[in-house]
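Here is how the chains run, residue by residue.
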Amino acid sequence: MASSSSDSKQLEEGFVGGIEDKRHNPVHENVLQKHAAFFDVNKDGLIYPWETFRAMREIGSGVLLSTAAAVFINVSLSQTTRPGKFPSLLFPIEVKNIKLGKHGSDTGAYDSEGRFVESKFEEIFIKHAHTHPNALTHDELDELIKANREPKDFKGRIGSFFEWKILYKLAKDKNGLLPKETIRGVYDGSLFEVLKKEHAKTISSS
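Here is what the cut-offs are and how they apply
As a convention, each chain's residues are numbered from 1 in the sequence order in which they are written. Since the coordinates come from a predicted model, pLDDT governs what is reported: local features require at least 70, and pairs of side-chain atoms require 80 or more to be given and counted, while whole-chain, interface and lining totals use all residues. To obtain the side-chain values, all non-hydrogen atoms of the structure were used and water was disregarded. A helix here means a DSSP run of H or I that spans at least four residues, while a strand means a run of E at least two residues long, and both kinds are numbered starting from the N terminus. Only heavy atoms matter for contacts: two residues are in contact if any of them lie within 4.5 Å across the pair. Only centres within 6.5 Å qualify two rings of Phe, Tyr or Trp (six-membered ring in Trp) as a pair; their planes then separate them into stacked at under 30 degrees, edge-to-face at over 60, and tilted for everything else. Throughout this description, buried means an accessible area under 20% of the type-specific maximum (1.4 Å probe, protein chains only), exposed means over 50%, and partly exposed covers the range between. Polar contact is defined as a pair of N or O atoms within 3.5 Å, subject to the rule that within protein one atom must be able to donate a hydrogen and the other to accept it, and that residues adjacent in sequence are counted only when both atoms are side-chain atoms.

Caption draft 1: Structural context of the environment of Ser78. Structurally, Ser78 can be placed in the loop between helix 4 (63-77) and strand 4 (93-94). Sequence spacing of Ser78 and Leu46 is 32 residues, and the spatial spacing of their C-alpha atoms is 9.6 Å. With sequence-adjacent residues up to four places away left out, Ser78 is seen in contact with Phe91, Pro92 and Ile93.

Caption draft 2: Representation of the packing of aromatic side chains within the structure. Using the criterion set out here, one finds 11 aromatic pairs in the structure. A centroid spacing of 5.5 Å and a plane angle of 90° characterise the contact between Phe38 and Phe39, whose relative ring orientation is edge-to-face. When its relative accessible area of 8% is taken as the criterion, Phe38 is described as buried. By relative accessible area, Phe39 is classed as buried at 10%. Measuring from centroid to centroid gives 6.1 Å for Phe121 and Tyr187, while their planes differ by 90°, and the two rings are edge-to-face. With Phe121 in helix 5 (residues 118-128) and Tyr187 in helix 8 (residues 180-188), this pair connects stretches of sequence that are 66 residues apart. Judged by relative accessible area, Tyr187 falls into the buried class, the value being 8%. Among the aromatic side chains, those forming a connected cluster through ring pairs are Tyr110, Phe116, Phe121, Phe125 and Tyr187.

Caption draft 3: Seen up close, the environment of Thr202. For Thr202, the position within the fold is in helix 9 (residues 190-205). Judged by its relative accessible area of 48%, Thr202 is partly exposed. A sequence separation of 142 residues divides Thr202 from Gly60, and the C-alpha atoms of the two residues are 9.4 Å apart. Only 3.0 Å separates the side chain of Thr202 from the backbone oxygen of Glu198, close enough to count as a polar contact.

Now the structure itself:
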């Protein structure tokens, strides 16, 4: 699928969901923590399943998908981000330790400390953006997911698959493309606020 000239211009100039975003992620910042912080609705440093569900709904996800995401994300990350603590049936995720929940079979755009790695981010498009240099089609996204699979890393494969598929469903443009700056926005968490505002507008206008 080829984008229109106006869409191409937006992609090249750095638009995220129709909002211009020319910021770059400082290498020293823990952007993974910023990414996770959106789901901490009450900002107490802990993300509970009901907060994950609410945040997913706020960015436009349906009830079933939001429920599945809340269960999968919190069950997968709760104990990992609470090292040395007794397991909790409430499955909280500690935002400050979110780097410990980093899974395999990913792009490597987060390092082990949760910092953004620009070279790995650019590699996504160098390797997989065949149709448009600044966006991924659905097929190119599938190619990316398959290319990042690590042997016997079932948890990482599942996590990566659902993360990318949810992102594509919620953030693709009208041409079915996932723009580069939209993907950048999900890494630092800024995309979530954009999607939240757009979803709120959609609800208010309906």
